[in-house]
Amino acid sequence: MATNREALELAIYAILGASLAIFPFILMWRQTETQPWFGNRTLMRWQGAIGVSLSLLFFATLFEPDTYVLRNTMVSPVRLLVVGIFWALFLMIFAGHCKLRREQSYLCWIVAAMFLVAAIILNFSSGPYTADADAPLHTMYFESMWYHWGAYIASAKSLASGLAIYRDFPSQYGLGPSIFIAAASGLGWVAGMFIVVGVLQLVYWVSISVIGLVIANRAVGYNPMVWISVLLVTITTCFLWAGSPTFANFFPSLGGARYFPAALLSAAIILLDLSRDNYAEKRGWRLHILWGLGAVWSVESLFIVSFIWWPQYLLLKTPNNASKGEIVRNLGRSMLILAVVAIVTFAVFLAGYYAIYKVLPDIQMFLAFASNVPGSLPVNIVGPALLITFSLVLSLYALGSLYRTSGINRDFRTLFCVMLLSYGAMVYYIGRSHDSNILSLFPYHGLIWIFLVLNETSKFIRTAAASLLALSLSWICVAQHASPINRFDTLLTFNGTQLDSVIENYYEEPVSTDRGRAIDFITSKYGEGITAFDIYANIVLTSPQKEWTSYNNATTYAGLPSEVQKLAVHRARLQLNRQGWVIIPSISPPMSLAYVQDLFAADYEVDQKLAFDTYTAYRFVPKR
């Protein structure tokens, strides 16, 4: 449950979000002009210097002593010098963009094809997952990040066993990823997820890139140098900044697996460029359908896509220069349409759900992770959150300036959409305020900075945004090679379909590990399912694995209230009614034996106990 501090932060986030969503309507209602910040001539002379200085100041929050965002990048004078050289180079490039306009579309598409190839390599390279004999546990990746994947696979395994998601078990990442991973499990659970995450991340990057390129084309036309710059920003922010920074697919919850519905919807909104003058119901329904896809993807996605599409829909249905009475009447009609679409969407979802499971979802299970955020922390108000706040303030001022000069036009709607996307995606950081989660917001703020650089905003805003773009690119050129977790020497290795055997050999090898010996003995003698109460290696892959409980990943359930955990155990027992095993390490177990026994006590009894040196196995049999 949230603390008072975290509840206050969520309330502030909600109030500011509501203010952002209605900001265009406030401007339309007041029908007054906004005065520019830099009216003073002395200040106007120094706009560029002030913008660059503030960008450097706020970017420096990534290195705030109490944060671990860039702790592995080993700041040194030489490295800072290299960053400074790159920064100056990129800053000159971005600062000069507004003066360029070239119609060279064929070169632009060649550039796009080259970056697409690079994105595919980054998505589907298995090189970073290769075992490393020099690492403490023989591989850089699995020793610290496997549990991120386990949380996805656990939900998919429960779904594939016939258990009802949102009733028999809660799902941290939602219905969408679980369905796709379960559908791809024929390749192996890890291999299937590797492919699914790769495809979703690719669609996510394409969506972000489409937004950036549309912004660029509308501002400066087909300019190969601009396309290179935009795609450099999108590929680094989507693939290399997520995490510590490191490859995005190491942390599926920081990229496409989580955010692709919102990114796809935003790209469609900006690409279709609907307004009141050209709105057609057929085109509008495409966006309603994309909203529906995001709404059923996950609880979090439901919030984000609604936060993006609903204000956009209300805005495009409200005429420019309307009277206050017209604004109210149009908003009322549009809200009614949105309500009908939402009701129909959820009615169809519930009808399909009932047709499959003969029951309806449980609201407690549906909202289990939304109301009990795993690993929640208060926001570090002197850390990287200041950088994101600075970016939003810049974009909000630019939005007001656009309205002052041109009203609600295409540029206004585009920037507004990107701002809604960036602020909506911030909900994950608000709930789980680890400083490193700020980095997953860089793709959206990169789009904001691209817009501010390429459009006619004040010199202060353009130079600040250009400097932020330059800093993000220059630092990643250095940071990626400083972080020991990245493997570039094996980047052109593509054996993702073999990852199940890699993990089994690493965690479940019976000759070299007690864990593997326990799993091998139980599966060969009993052929029954196993739940491992480990910190990292929390999913058992050795075949055959018959699901006997939805509690197949201790990391997934650990942060939920005891009553929710026990309810999931109880409902899974009613549906599956199978015996299974629990293995617990004697060294640093994440949960005590007494806790595990209490968890299963109402539905199971222990009828066997086996010792495997540093692991102990317990056989749980359903009570009659």
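Residues numbered from 1 in each chain as written. Predicted model: local features only at pLDDT ≥ 70, side-chain atom pairs only at ≥ 80, totals over all residues. Heavy atoms only, no water.

**A closer look at the overall build of the protein**
- Each helix and strand in the protein was counted, giving 25 helices and four strands.
- Sequence-distant contacts in the protein: of pairs separated by 6 or more residues, those separated by 24 or more amount to 76%.
- Within the structure as shown, the protein displays about 25500 Å² of accessible surface, and the carbon and sulfur contribution to it stands at 64%. (Helix = DSSP H or I, 4+ residues; strand = E, 2+ residues; numbered from the N terminus. Contact = heavy atoms within 4.5 Å. Areas by Shrake-Rupley, 256 points an atom, 1.4 Å probe, with all protein chains shown as cover.)

**Description of the pattern of salt bridges**
- As enumerated under the stated definition, the model contains 11 salt bridges in all.
- The shortest N-O distance in the salt bridge between D514 and R517 comes to 3.5 Å. Here R517 and D514 lie together in helix α22 (residues 514-525), a separation of three residues that amounts to about one turn.
- For D613, the salt bridge identified is with R517, shortest N-O distance 3.1 Å. Taken together, the residues span a long stretch of sequence, with D613 in the loop between β3 (604-612) and β4 (615-622) and R517 in helix α22 at a distance of 96 residues.
- You can call R517 partly exposed: its relative accessible area is 32%.
- If you follow the salt bridges from partner to partner, you end up with D514, R517 and D613 in one network. (Salt bridge = Lys/Arg side-chain N within 4 Å of Asp/Glu carboxyl O. Buried < 20%, exposed > 50% of the residue type's maximum accessible area, 1.4 Å probe, protein only.)

**Examining the environment of F442**
- One can find F442 in helix α19 (residues 442-454).
- For the pair F442 and T234, spaced 208 residues apart in sequence, the C-alpha to C-alpha distance is 8.9 Å.
- Those residues within four positions of F442 in sequence are excluded, and the remaining contacts are L62, T237, W241 and L387.

**Quick look at the packing of aromatic side chains**
- For the structure shown, the criterion picks out 32 aromatic pairs.
- The interplanar angle of 50° and the centroid separation of 6.3 Å between the aromatic rings of Y13 and F303 together place this pair among those described as tilted. Pair noted here: Y13 is in helix α1 (residues 4-30) and F303 is in helix α12 (residues 299-316), with a separation of 290 residues, a long-range link.
- According to the relative accessible area criterion, F303 is partly exposed, its value standing at 32%.
- Among the aromatic residues, those joined into a cluster by ring pairs are F533, W548, Y551, Y557, F600, Y604 and F620.
- Sitting above the plane of the Y428 ring, R258 keeps its charged end 3.7 Å from the centroid. (Phe/Tyr/Trp six-rings, centres within 6.5 Å; stacked < 30°, edge-to-face > 60°. Lys NZ or Arg CZ within 6 Å of the ring centre and 35° of its normal.)

**Notes on the confidence of the model for the protein**
- Of all residues in the protein, 85% have pLDDT values of 70 or greater, and the mean over the chain is 83.
- Between the elements of the protein, mean pLDDT differs from a low of 52, seen in helix α2 (residues 41-45), to a high of 95, seen in helix α7 (residues 175-183).
- When the criterion is pLDDT under 50, residues 33-43 qualifies, and its contacts beyond four places in sequence or with other chains add up to 17 contacts. (pLDDT = per-residue confidence, 0-100.)

**A closer look at the environment of T405**
- Residue position: T405 is located in helix α16 (residues 385-406).
- At 3.4 Å, the side chain of T405 and the side chain of S406 are in polar contact. (Polar contact = N/O pair within 3.5 Å; in protein donor to acceptor, adjacent residues only side chain to side chain.)

**Side note on helix α10 (residues 256-272)**
- A262 marks the point of greatest bend in α10, at about 25°.
- By the criterion of burial, α10 is predominantly enclosed, with 15 of the 17 residues buried. (Bend = angle between axes of the 7 residues up to and from the residue.)

**A short note on the pairing of strand β2 (residues 580-585)**
- By the criterion of burial, β2 is predominantly enclosed, with six of the six residues buried.
- By the alternation rule, side chains of β2 split into G580, V582 and I584 and W581, I583 and P585, which are all buried.
- As defined by bridge partners, strand β1 (residues 529-532) adjoins β2 across four bridges and the pair is classed as parallel. Counterpart to T531 in the pairing with β2 is V582.
- In terms of strand pairing, β2 meets β4 through six bridges, oriented antiparallel. Within β4, the residue paired with I583 across the bridge is A617. (Pairing = 2+ DSSP bridges.)

**A few points about unusual backbone geometry**
- A positive phi angle is found at K358, which is not glycine, with a value near 65°.
- Note on placement: K358 falls in the loop between α13 (324-357) and α14 (363-366).
- Positive phi values are uncommon outside glycine, yet D613 reaches one of about 60°.
- With a relative accessible area of 64%, D613 lands in the exposed category.

**Focus on the packing of α7 against helix α8 (residues 189-220)**
- Axis separation between α7 and α8 bottoms out at 8 Å; the angle between their running directions is 125°. Judged by the inter-axis angle, α7 sits oblique to α8. Classified by chirality, the crossing of α8 by α7 is right-handed. Between α7 and α8, the residues in contact are F180, I181 and A182 and W189, M193 and V196, respectively.
- Per-class residue counts for the contact of α7 with α8 are six nonpolar, no polar and no charged. (Axes fitted to C-alpha atoms, helices over the stretch in contact; angles between N-to-C directions. Parallel < 35°, antiparallel > 145°, perpendicular 65-115°, else oblique. Left-handed = near helix turned anticlockwise from the far one by under 90°. Nonpolar A, V, L, I, M, F, W, Y, C, P; charged D, E, K, R; others polar.)

**What to know about the sheet that holds β1**
- Judged by pairing direction, the sheet is mixed, and its four strands sit side by side in the order β1-β2-β4-β3 without closing on themselves. Strands with a single pairing partner mark the edges of an open sheet, and in this sheet they are β1 and β3. Adjacent strand axes in the sheet meet at a mean angle of 25° when their direction is disregarded.
- Each of β2, β3 and β4 touches helix α25 (residues 593-600); the most contacted strand, β2, lies at about 160° to it.

**Focus: the side chain of R571**
- One can find R571 in helix α24 (residues 562-576).
- Looking at R571, its side chain comes within polar contact range of the side chain of D362, at 2.8 Å.
- Beyond its immediate chain neighbours, meaning those up to four positions away, R571 contacts R167, D168, D362 and M365.

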